[in-house]
Amino acid sequence: MASSSSSSSSSHIRRHHVFSRFHGPDVRKGFLSHLHSLFASKGITTFNDQNIERGQTIGPELIQGIKEARVSIVVLSKNYASSSWCLDELVEILKCKEALGQIVMTSGVFGKAFEKTCQGKNEEVKIRWRNALAHVATIAGEHSLNWDNEAKMIQKIATDVSDKLNLTPSRDFEGMVGMEAHLKRLNSLLCLESDEVKMIGIWGPAGIGKTTIARALFDDRLSSSFQHKCFMGNLKGSIKGVADHDSKLRLQKQLLSKIFKEENMKIHHLGAIRERLHDQRVLIILDDVDDLKQLEVLAKEISWFGSGSRIIGTTEDKKILKAHGIHNIYRVDFPSKKDALEILCLSAFKQSSIPDGFEELANKVAKLCSNLPLGLCVVGASLRGEGNQEWERLLSRIESSLDRDIDDILRIGYDRLLTNDKSLFLHIACFFNYAKVDNVTALLADSNLDVGNGFNTLADRSLVRISTYDDGISVLSDSNLDIVLEQSKEPGKREFIIEPEEIRDVLTNETGTGSVIGISFDTSNIGEVSVSKDAFEGMRNLRFLRIYRLLGGEVTLQIPEDMDYIPRLRLLYWDRYPRKSLPRRFKPERLVELHMPRSNLELLWGGIEPLPNLKIINLNRSYRLKEIPNLSKATNLERLTLESCLSLVELPSSISNLHKLEILDVKFCSMLQVIPTNINLASLERLDVSGCSRLRTFPDISSNIKTLIFGNIKIEDVPPSVGCWSRLDQLHISSRSLKRLMHVPPCITLLSLRGSGIERITDCVIGLTRLHWLNVDSCRKLKSILGLPSSLKVLDANDCVSLKRVRFSFHNPMHTLDFNNCLKLDEEAKRGIIQRSVSRYICLPCKKIPEEFTHKATGKSITIPLAPGTLSASSRFKASILILPVESYETEGISCSIRTKGGVEVHCCELPYHFLRVRSEHLFIFHGDLFPQGNKYHEVDVTMSEITFEFSHTKIGDKIIECGVQIMTEGAEGDSSRELEVLKLRVAAAQLGDLLGNLNLEATTITTQMEMEMETMKQKVPSSLKMKTSKPANVGFMSWLRKLGQ
């Protein structure tokens, strides 16, 4: 497939990145000029309005400027509302937000000039302005009063805008020939309006575009509709022969890790996917399936996945899909002759039609490529810029081949590369497939390859793809691996050796030569291998050595004690290295990356080695490692990870020279006693010393750290200097010796004191204005929480067995309140917790459902009769369930099925993922939508006469003994629209902080003057204008407010 130069008629032209709106020359010359300057430095373009003449109403140039921006920024100065021009612009900006999906951001405050501006305006204009102000009040932004440094605020805004621009939908597949038709036909198979779980197949020959279509479906159409999603690429060959248990576990772990974004996820049985996903709505694409076992391991049954899930598999073999019971199969047909020629022309000529003089040649090439999209792209790209004679030569070559399959067609693209680009392609195809571009660039920095331009050349020739998602680079077909085999019949004379059996023979028989530059050896299924003493002597040019065991298990590779030579490598990755040290004659000065996890190493090397290129050292779980060598000359080292090096006692003082070090991870080094202090590593961002139980002093190693993790260590206090660490964002301290915390930087957003010995929350914590998450889990001496930061969103106080008193000093809503097993909580504390407004859930010990839940029932289901007009499409509910003690941890969510009188399920939602181990009856309280939100295909029946809520859990459903529900309904109708609009504006202003918490956005504020103005306007609203609700009145407009925030 190729990308067409003409855009879809439905798309909207975006001529600039940002449209900024403000009032007053002081804002333009000061704040805005600095912001625009920073935008320019980041390559962000802004709309220039300085030459536009102002009038009574905004002109067409400004309206066009608003429509052609991807992000609008509204700077709310104190006089902003005094300008009718600004208010009209604001209305237009919000129209674009609704109609075009434009991103809107705010900065600053309102003033009190609005009422004066409204004088003389008709009612329609005033209502439109009020709506716009109410809406913009609900949008997250930055408040100047929250910043003591305007430059930092401007930097934050510029970064946020840059992030927003990067989060816009993928355009990688926009305009591809035939793509829209494929996606339209697939959409009918997917039937997204259905809550059923569906498995879909995409079937067709190699090179037809199955992966491209699946990726376009994932990136452009479906991804934003699913919170949990995964694209499992390149499954071909992932299971060979009789799949053993380890290989199946590895595939399940890979899928779950991608879905939940957890790199080190542990799974121990093949029921993990079902357990974790059976109540989750997921999107999973399994690409390039070539074995039925892959589907059985990753998606055996639809019952493994939650309501509304979609599982899509691509394959060349239709029988695999049918054998798995997949009958909704989309066949990717060859493109029509017209489309095939357009694909070829876009690739060869960068235009959709055939230039004069090439009609016959182009038709012949398309025919000989069998109209195969990938072949058309590769051949077309290789002929770009060539004349008729070169086209004729290429045709002659293709015609002379008896077997014109995809391998031959794609080989043409490779053969037409320059020598260096061929070499770069083979490096990627054989050794760096799916690696990060930056890592490959660093590893090839000493070669004569033009890596940067080479990547672009290979991508232009359709031989590799560079992901815009994670900056990974991958080959589009593995057929060119045969090129390496053609270099020689003898593996030891090839550039790259990747077949395990061939590598075994080379290493045992010493047949490697100077031609070899890369070995990638998976020892999983190779049996016992004894490497010869001189195995590497002949491979003097070896640069990349990777020895690993994909499926785990015991060490099967042995090397003799007298082997003393390994070449000067750029990459050394040796999992489970069996010896105590590296070979004596190994010289590490060329190393860029050193990975030796789970090794038997006691020492890498002695003395001081020159290490100018070294960026990464990974010795995780090298249990016998006793010493880190002098690293004073590793001045470019960025990552040093030593997790679970159980014999390591100290880090060398030479780490003071590592001024480019970003990550230092020594967690679970239980013998570690010494970390050099009084040094200030300029680039260090993350330090993890969890489980270093012998550390006694606080490692004052850098004031630039962003994340600091101390778990299960004996530290009694944090030194005062830490309070000045202006970049610290996350602080984790788990120490029984810590009695009180007196020094905390004001900038942190996450503070974990889990398992510490604190007895109260100190004032320095209560005063943190940016803290979002506080974890005091298992603080067994904590007796009271008498104050909390007003910015707090999550409080985890599980297993605080001495906790009696809890007091909240603010009214902003939170996300989560956890008080599992806090059995000493007094009644006042419980009432205060239950009455808190949360967007996720509350958990605490309790013996009964609270009185505020007017609908109650014994057991795990309740049916509620409904009066006509009770519900709307945006109605919400608040639920509580009472659970008996649970002895062991259970990690699945509690689900809530909502059904009509006839038993039809209208919605299924889950209590957020939660660990359950409670020693008495516990109460869970959570909120939810009665009907699915944000699905335009879903028809909602709001006329039902009764509604049933059923709560369940696959493991502990019988523990649910009582439940209660409140249905929140919207206010009475029929009052004047003006009065309603005034009340909406007041609610938006008064509830702004609450709403922003519910939207998971950073808080912004409206000034006191604005609130006073709303209170004045409120007096015009008669007492008859009230909200009907089965909970306090301040939540009656929450569904309306949610819409404002969308």
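Relevant structure appears above.
Here we summarise the structure given alongside this text. (Residues numbered from 1 in each chain as written. Predicted model: local features only at pLDDT ≥ 70, side-chain atom pairs only at ≥ 80, totals over all residues. Heavy atoms only, no water.)

As for the overall build of the chain
Here is step 1 of the chain: Looking only at helices and strands, the chain features 28 helices and 40 strands.
Here is step 2 of the chain: Burial analysis of the chain (1046 residues in total) assigns 54% to the buried set.
Here is step 3 of the chain: Taking the intrachain contacts of the chain between residues at least 6 apart in sequence as the baseline, contacts between residues at least 24 apart amount to 60%.
Here is step 4 of the chain: Entry remark: accessible area of the chain is about 46,500 Å², with carbon and sulfur atoms responsible for 47%. (Helix = DSSP H or I, 4+ residues; strand = E, 2+ residues; numbered from the N terminus. Buried < 20%, exposed > 50% of the residue type's maximum accessible area, 1.4 Å probe, protein only. Contact = heavy atoms within 4.5 Å. Areas by Shrake-Rupley, 256 points an atom, 1.4 Å probe, with all protein chains shown as cover.)

Looking at the packing of aromatic side chains
Here is step 1 of the chain: All told, the structure shown has 13 aromatic pairs when counted by the stated rule.
Here is step 2 of the chain: Aromatic pair Trp-574 and Tyr-577: ring centres 5.0 Å apart, planes at 85°, arrangement edge-to-face.
Here is step 3 of the chain: Here Tyr-577 falls in the buried class, since its relative accessible area comes to 0%.
Here is step 4 of the chain: Ring pairing ties together the aromatic residues Phe-431, Phe-432, Phe-496 and Phe-544, which thus form one cluster.
Here is step 5 of the chain: Just above the ring of Phe-231 sits the side chain of Arg-215; from NZ or CZ to the centre is 3.8 Å.
Here is step 6 of the chain: For the cation-ring pair, Arg-281 lies above Phe-226, with the distance from its terminal atom to the ring centre recorded as 3.9 Å. (Phe/Tyr/Trp six-rings, centres within 6.5 Å; stacked < 30°, edge-to-face > 60°. Lys NZ or Arg CZ within 6 Å of the ring centre and 35° of its normal.)

Here we look at the packing of helix H13 (residues 337-348) against helix H15 (residues 373-382)
Here is step 1 of the chain: In contact at an axis separation of 7 Å, H13 and H15 are set at 30° when each is read in the N-to-C sense. Here H15 runs roughly parallel to H13, going by the angle between their axes. The crossing of H13 and H15 is right-handed. For the pair H13 and H15, contact is made by Ala-340, Ile-343, Leu-344, Ser-347 and Ala-348 and by Pro-373, Leu-376, Cys-377, Gly-380 and Ala-381, respectively.
Here is step 2 of the chain: Here the contact of H13 with H15 is composed, by residue class, of eight nonpolar, two polar and no charged. (Axes fitted to C-alpha atoms, helices over the stretch in contact; angles between N-to-C directions. Parallel < 35°, antiparallel > 145°, perpendicular 65-115°, else oblique. Left-handed = near helix turned anticlockwise from the far one by under 90°. Nonpolar A, V, L, I, M, F, W, Y, C, P; charged D, E, K, R; others polar.)

Some words on the sheet that holds strand E9 (residues 328-331)
Note: strands within a sheet are paired through backbone hydrogen bonds, in either parallel or antiparallel orientation.
Here is step 1 of the chain: Pairing within the open sheet is parallel, and its five strands lie in the order E6-E7-E8-E5-E9. On the outer flanks of this sheet lie strand E6 (228-232) and E9, each paired with one strand and no other. On average, adjacent strands in this sheet sit at an angle of 15° to one another, irrespective of strand direction.
Here is step 2 of the chain: Where E6 lies against strand E7 (residues 282-289), five bridges are found, and the strand directions are parallel. (Pairing = 2+ DSSP bridges.)

Quick notes on H13
Here is step 1 of the chain: Across its twelve residues, H13 extends 16 Å between first and last C-alpha, which sits within 8% of the 16 Å expected from 1.5 Å per residue.
Here is step 2 of the chain: The buried count for H13 comes to nine of twelve residues, which makes it a mostly enclosed element.
Here is step 3 of the chain: Where H13 is concerned, the buried positions are Ala-340, Leu-341, Glu-342, Ile-343, Leu-344, Cys-345, Leu-346, Ser-347 and Ala-348.
Here is step 4 of the chain: Looking one or two residues beyond H13, the residue adopting positive phi is Lys-350, at roughly 60°. (Expected span 1.5 Å × (residues − 1).)

Topic: the pairing of strand E36 (residues 895-900)
Here is step 1 of the chain: Across the six residues that make up E36, a large majority, five, are buried.
Here is step 2 of the chain: Connecting E36 to the next strand, strand E37 (residues 905-910), in antiparallel fashion are four residues, including Gly-903 with a positive phi near 90°.
Here is step 3 of the chain: Bridging between E36 and strand E39 (residues 946-952) involves six bridges; their strand directions are antiparallel. Residue Thr-900 lies in a different strand from E39, and its bridge partner there is Ile-947.

Examining the side chain of Thr-900
Here is step 1 of the chain: Topologically, Thr-900 is positioned in strand E36.
Here is step 2 of the chain: On the basis of relative accessibility, which here comes to 17%, the residue Thr-900 falls in the buried class.
Here is step 3 of the chain: Residues in contact with Thr-900, not counting those within four places in the same chain, are Val-906, Met-944 and Glu-946.

Things to note about the sheet that holds E39
Here is step 1 of the chain: Read across the sheet, four strands follow the order E34-E39-E36-E37 without closing on themselves; strand pairing throughout is antiparallel. Each of the sheet's edge strands pairs with one partner strand only, and the pair in question is strand E34 (861-865) and E37. Averaged over all pairs of adjacent strands, the angle between their axes in this sheet comes to 15°, without regard to strand direction.

A few points about the state of the cysteines
Here is step 1 of the chain: One pass over the structure, following the stated rule, counts zero disulfides.
Here is step 2 of the chain: With no disulfide of its own, Cys-692 has Cys-669 as its nearest cysteine by sulfur position, at a separation of 5.3 Å. (Disulfide = S-S within 2.5 Å.)

Focus: the environment of Ser-721
Here is step 1 of the chain: Relative to the elements of secondary structure, Ser-721 occurs in the loop between strand E24 (707-711) and strand E25 (730-734).
Here is step 2 of the chain: Separated by 24 residues in the primary sequence, Ser-721 and Pro-745 place their C-alpha atoms 9.2 Å from one another.

Comments concerning the environment of Ile-616
Here is step 1 of the chain: Its place among the elements puts Ile-616 in strand E20 (residues 616-618).
Here is step 2 of the chain: Its relative accessible area of 16% is what places Ile-616 among the buried residues.
Here is step 3 of the chain: Ile-616 sits 47 residues away from Ile-663 along the chain, and the two C-alpha atoms are 9.7 Å apart.
Here is step 4 of the chain: When sequence neighbours within four positions are dropped, the list of residues in contact with Ile-616 reads Val-592, Glu-593, Leu-594, His-595, Leu-637 and Arg-639.

Thoughts on the pattern of salt bridges
Here is step 1 of the chain: The tally for this structure, following the rule as stated, stands at 33 salt bridges.
Here is step 2 of the chain: Put simply, Arg-576 and Asp-575 hold a salt bridge, and the shortest N to O gap is 2.9 Å.
Here is step 3 of the chain: Owing to a relative accessible area of 17%, Arg-576 belongs among the buried residues under this scheme.
Here is step 4 of the chain: Exposure remark for Asp-575: the relative accessible area of 9% places this residue in the buried category.
Here is step 5 of the chain: The salt bridge involving Glu-852 is made with Lys-878; its shortest N-O contact spans 3.0 Å. Here the residue Glu-852 occupies a position in the loop between strand E32 (838-845) and strand E33 (855-858), and Lys-878 occupies one in strand E35 (residues 876-883), the gap between them amounting to 26 residues.
Here is step 6 of the chain: Its relative accessible area of 4% is what places Lys-878 among the buried residues.
Here is step 7 of the chain: A cluster of three or more residues bridged by salt bridges with shared partners is formed by Glu-537, Arg-540, Asp-564, Arg-584 and Arg-585. (Salt bridge = Lys/Arg side-chain N within 4 Å of Asp/Glu carboxyl O.)

Thoughts on the packing of helix H18 (residues 419-432) against helix H20 (residues 451-460)
Here is step 1 of the chain: Running from N to C, H18 and H20 point in directions that differ by 80°, and their axes come no closer than 10 Å. It follows that H18 is roughly perpendicular to H20 by the angle criterion. Where H18 approaches H20, its residues Asp-421, Leu-424, Phe-425 and Ile-428 are matched on the opposing element by Val-451, Gly-454, Phe-455, Thr-457 and Leu-458.
Here is step 2 of the chain: Residues that form the contact of H18 with H20 fall into these classes: six nonpolar, two polar and one charged.

Topic: the environment of Tyr-330
Here is step 1 of the chain: Secondary-structure assignment places Tyr-330 in strand E9.
Here is step 2 of the chain: By relative accessible area, which is 7% here, Tyr-330 ends up buried.
Here is step 3 of the chain: In this structure the C-alpha to C-alpha distance between Tyr-330 and Thr-314, which are 16 residues apart in sequence, comes to 9.4 Å.
Here is step 4 of the chain: Residue contacts for Tyr-330: discarding those within four places in its chain leaves His-182, Arg-185, Leu-186, Leu-189, Gly-201, Ile-202 and Trp-203.

Examining the pairing of E35
Here is step 1 of the chain: Of all the eight residues making up E35, eight are buried; the element is thus mostly covered by neighbouring parts of the structure.
Here is step 2 of the chain: Going residue by residue along E35, you find Arg-876, Lys-878, Ser-880 and Leu-882 tucked away on one face and Phe-877, Ala-879, Ile-881 and Ile-883 tucked away on the opposite face as well.
Here is step 3 of the chain: By the bridge criterion, eight bridges tie E35 to strand E38 (residues 922-929) in an arrangement that is antiparallel. Bridging from a neighbouring strand, Phe-877 pairs with Gly-928 of E38.
Here is step 4 of the chain: Pairing geometry for E35 and strand E40 (residues 960-968), over eight bridges, is antiparallel.

Everything listed here is a matter of coordinates, which is why it stays silent on function.
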